[in-house]
Amino acid sequence: MVALLESVEAFSSREHQLFIGGEFVASRGSERIDVHDPATGGLLTTVASANAEDVDAAVAAARAALPGWAALPPAQRGELLWRLGARLEELAEEFAQLEAIDNGKPTSESLAVDVPLTAGLFKYYAGAVSRIEGRTIAPMGGANFHVYTRREPVGVVGAIIPWNFPLLMCGYKLGPSLAAGNTVVLKPAEQTPLAALRLAEVLAEVGFPPGVVNIVTGLGPSAGAPLAAHGDVDKVTFTGETSTGQKIMEAAKGNMKKVSLELGGKSPSLVFADADLDAAVEGTFGAVFFNQGQCCIAGARVYVHDDIYDEFTKRLVDRVGEVRLGSGLDPRTTMGPLVSAEQQARVNGYIRSGLEEGASIASDPASAVPEVGSFVRPTVFTDVRPDMRIMREEIFGPVAMVGRFSTEEQAIAAANDTAYGLCSGVWTRDVARVHRIAAAIHAGTVYANTYGYFDPAVPFGGFKMSGFGKELGEEALDHYLQTKTVWVNLD
Ligand code: ADP
């Protein structure tokens, strides 16, 4: 086991307050939230549980900071974002350890994905400040007008994020918001507040003005709901469960907030008989089990062509057999605990429901699982039917369902047989098939012969019940800007 850095030890054992107006301040209430290490169940510390008054104060700070931030020369906004990205790169080990004890994920994964992607997207959005441009338009009536558009910030953004990628989700929301000239009140998930609080310190250290980013730790109903409903918040951006997204839309309607929602998924992977089997097994394994399966894009519904079904399933099960469960701080660990005991119970409940509904477990049902901590045995189900709960509902845990098909039409129909539309994967050497399937699948992303790649420049987001309003890339920036049209009479 790797020892905690002194800075992480000190930070994670300190009591934390709210970050409002550039300072750490006590909540107006007295409620606190316990922060647990999911690998041990042990209590790390407590953080403030913000209430509606705290949210008011954070929104007021963001509102006060807005004119100055929006008026800052883009080069200066860009420079601050770049510095933030660069500082995160220097602090990679520290953030990786914080994520390991707060969320449970192995440090190797944070160092390979979460931290560099977050840093990279701050740097990408540092550059994006130079690409915020309006247009001049020739009116069809041809009258004597000069018409142009200005791209202006939306204003104060409320950002509500989940626990599966605590640092990265801060980046998804803050990068485009800040590049566009908005100020932000961000509420991290109650299970994983530490990365956002440490990021608050880094924001101040690299020179972001007070109030430009405010962090309110708190629960969904007492802190998230007042933020989503707040009359002085201009936009709410949310990542989380579809049912919570529906509540957020409802709450946002009072002042017609702009809304971006990145919600759940039940994504398919289609494996054809001509696929490179080694790559398909490894890619499908990663699609389901990366981050302990706690990914909205998890490609948990795997459909395999009849001709290779037995061979593929055997290899996937063998691959799952190599998983080594343990603390995220142990370099030998390849899969950490789930985020909480509650999530562990929920996922184990799905595993039971799969068995009750007649599915079979093809993976080793007795493989070793640590007794302490919220670990779940990685599980591969076969004999699945489309009506089973495990095939319809988002499990958010290390559980794969392997079904079969015999024709391309069947594969496409199975892939689309879901209320969600976040992601999908296809494994085949047939290039024409790749493009046919990419067009036929109703989902925001199609991966062909790969899965789960993310890049700051590449838009990501869902169709159907998986939400709307892309994240990342230029498209995300659009969602944090509004277009103003100016008509000038030239007579
Ligand atoms: P999960 O099951 O991943 O916790 P949620 O969608 O419940 O998914 O949580 C994602 C984020 O939404 C968290 O920050 C949570 O506190 C917040 N949240 C939960 N309920 C509400 C709500 N009614 N209004 C606003 N935010 C909420």
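The structure under discussion appears in the preceding block.
No experiment lies behind these values; they were computed from the predicted model shown.

## A closer look at the overall build of the chain
Alright, step 1. A count of helices and strands for the chain gives 16 helices and 22 strands.
Alright, step 2. Over its C-alpha atoms the chain spans a radius of gyration of 23 Å, differing by no more than 12% from the 23 Å that the globule rule assigns to 491 residues.
Alright, step 3. For the chain, the spread of C-alpha atoms along the three principal axes comes to 75 × 60 × 40 Å.
Alright, step 4. Put simply, 75% of the contacts in the chain that link residues at least 6 apart link residues at least 24 apart.

## Focus: the site of the ligand
Alright, step 1. In the neighbourhood of the ligand, 18 residues make up the surrounding shell, with Ile161, Lys187, Glu190, Glu241 and Thr244 lying closest.
Alright, step 2. Taking Trp163, its side chain carries an N or O atom lying 3.2 Å from an oxygen atom of the ligand.
Alright, step 3. Gly220 places a main-chain nitrogen or oxygen 3.3 Å from an oxygen atom of the ligand.
Alright, step 4. Across the complex, the protein chains shield 86% of the 550 Å² of accessible surface that the ligand would expose by itself.
Alright, step 5. Those elements giving two or more residues to the shell around the ligand turn out to be helix H8 (220-229), strand S10 (235-239) and helix H9 (242-252).
Alright, step 6. Of the residues in the shell around the ligand, the class split is eight nonpolar, six polar and four charged.

## Considering the side chain of Asp114
Alright, step 1. In this structure, Asp114 sits in helix H5 (residues 107-128).
Alright, step 2. Within the structure, the side chain of Asp114 is placed 2.6 Å from the side chain of Lys105, a separation counted as a polar contact.
Alright, step 3. Sequence-distant contacts of Asp114, defined by excluding residues within four places in its chain, comprise Glu99, Lys105, Glu109, Phe165, Leu167 and Leu168.

## Examining the pattern of salt bridges
Alright, step 1. If you walk through the whole model with that rule in mind, you get 33 salt bridges.
Alright, step 2. Notably, a salt bridge pairs Lys123 with Glu89, separated by 3.0 Å at the nearest N-O pair. Placement of the pair is Lys123 in helix H5 and Glu89 in helix H3 (residues 74-90), with a sequence separation of 34 residues.
Alright, step 3. The class for Lys123 is buried, based on a relative accessible area of 18%.
Alright, step 4. Linked by salt bridges that have partners in common, Arg14, Glu94, Arg198 and Glu201 make up one network.

## Regarding the nonpolar core
Alright, step 1. Core analysis: the largest hydrophobic core is formed by 76 residues, its most contacted members being Tyr125, Leu174, Leu178, Leu186 and Phe208.
Alright, step 2. For Phe208, the residues in contact, after removing those within four places along its chain, are Trp69, Leu80, Leu81, Leu84, Leu178 and Leu203.
Alright, step 3. The next biggest cluster of nonpolar side chains, apart from the first, holds 27 residues, and it includes Tyr303, Val347, Ile395 and Val399.

## Describing the sheet that holds strand S22 (residues 481-489)
Alright, step 1. Spatial ordering of the open sheet is given by S5-S6-S22, a layout of three strands whose pairing is antiparallel. The outermost strands of the open sheet, each flanked by one partner alone, are strand S5 (136-137) and S22.
Alright, step 2. As paired elements, strand S6 (residues 145-153) and S22 share nine bridges and run antiparallel to each other. Looking at the pairing, Pro153 lines up with Leu481 of S22.

## Quick word on the environment of Val129
Alright, step 1. Secondary-structure assignment places Val129 in the loop between H5 and S5.
Alright, step 2. As for Val129 and Glu79, which are separated by 50 residues in sequence, their C-alpha atoms are 9.7 Å apart.

## A short note on the pairing of strand S3 (residues 32-36)
Alright, step 1. Going residue by residue along S3, you find Ile33 and Val35 tucked away on one face and Arg32, Asp34 and His36 left uncovered on the opposite face.
Alright, step 2. Note that S3 and strand S4 (residues 43-48) share five bridges and pair antiparallel. Note that in S4 the partner of Val35 across the bridge is Thr45.
Alright, step 3. Connecting S3 to the next strand, S4, in antiparallel fashion are six residues, including Gly41 with a positive phi near 80°.

## Some points on the pairing of strand S15 (residues 379-382)
Looking along a regular strand, one sees side chains alternate from face to face of the sheet.
Alright, step 1. The alternating pattern of S15 places Thr379 and Phe381 and Val380 and Thr382 on opposite faces, both of which are buried.
Alright, step 2. Bridging between strand S14 (residues 360-361) and S15 involves two bridges; their strand directions are antiparallel. When the bridges of S15 are listed, Ser360 appears paired with Thr382.
Alright, step 3. Two strands pair when backbone bridges link them, and S15 and strand S16 (residues 399-405) are joined in this way by three bridges, in the parallel orientation. Bridged to Val380 within S16 is Ala400.

## So, the packing of helix H1 (residues 6-13) against helix H4 (residues 92-102)
For any two helices packed against each other, one specifies the crossing angle of their axes together with the interaxial distance.
Alright, step 1. For the pair H1 and H4, the least separation of the axes is 9 Å and the interaxial angle reads 45°. Looking at the two axes, H1 sits oblique to H4. The element H1 and its partner H4 pack so that their crossing is right-handed. For the pair H1 and H4, the contacting residues are Ser7, Val8, Phe11 and Ser12 in the first and Glu94, Gln97, Leu98 and Ile101 in the second.
Alright, step 2. Looking at the contact of H1 with H4 residue by residue, the class counts come to four nonpolar, three polar and one charged.

## What to know about the sheet that holds strand S19 (residues 447-448)
Alright, step 1. With respect to topology, seven strands assemble into an open sheet ordered S14-S15-S16-S13-S12-S18-S19, the strand pairing being mixed. The open sheet has two free edges, formed respectively by S14 and S19, since each of these has just one partner strand.
Alright, step 2. Running over the sheet, helix H14 (residues 408-416) touches strand S12 (268-271), strand S13 (301-305) and S16 and is turned about 175° from S13.

## Here's the deal with the packing of aromatic side chains
Alright, step 1. For the coordinates displayed, the defined rule picks out ten aromatic pairs.
Alright, step 2. Pairing Phe145 with Trp487 gives two aromatic rings, centres 5.3 Å apart and planes at 90°, and the pair type is edge-to-face. Taken together, the residues span a long stretch of sequence, with Phe145 in strand S6 and Trp487 in strand S22 at a distance of 342 residues.
Alright, step 3. Using a relative accessible area of 54% as the deciding quantity, one classes Trp487 as exposed.
Alright, step 4. It is Lys235 that lies over the ring of Tyr480; its NZ or CZ is 4.7 Å from the centre.
Alright, step 5. Over the aromatic face of Tyr309 sits the side chain of Arg404, whose NZ or CZ is 4.1 Å from the ring centroid.

What counts as what
- Residues numbered from 1 in each chain as written.
- Predicted model: local features only at pLDDT ≥ 70, side-chain atom pairs only at ≥ 80, totals over all residues.
- Heavy atoms only, no water.
- Helix = DSSP H or I, 4+ residues; strand = E, 2+ residues; numbered from the N terminus.
- Rg over C-alpha atoms; globule rule 2.2 N^0.38 Å.
- Contact = heavy atoms within 4.5 Å.
- Near = heavy atom within 4 Å.
- Polar contact = N/O pair within 3.5 Å; in protein donor to acceptor, adjacent residues only side chain to side chain.
- Areas by Shrake-Rupley, 256 points an atom, 1.4 Å probe, with all protein chains shown as cover.
- Nonpolar A, V, L, I, M, F, W, Y, C, P; charged D, E, K, R; others polar.
- Salt bridge = Lys/Arg side-chain N within 4 Å of Asp/Glu carboxyl O.
- Buried < 20%, exposed > 50% of the residue type's maximum accessible area, 1.4 Å probe, protein only.
- Core = buried A, V, L, I, M, F, W, Y, C linked by side-chain atoms within 4.5 Å.
- Pairing = 2+ DSSP bridges.
- Axes fitted to C-alpha atoms, helices over the stretch in contact; angles between N-to-C directions.
- Parallel < 35°, antiparallel > 145°, perpendicular 65-115°, else oblique.
- Left-handed = near helix turned anticlockwise from the far one by under 90°.
- Phe/Tyr/Trp six-rings, centres within 6.5 Å; stacked < 30°, edge-to-face > 60°.
- Lys NZ or Arg CZ within 6 Å of the ring centre and 35° of its normal.

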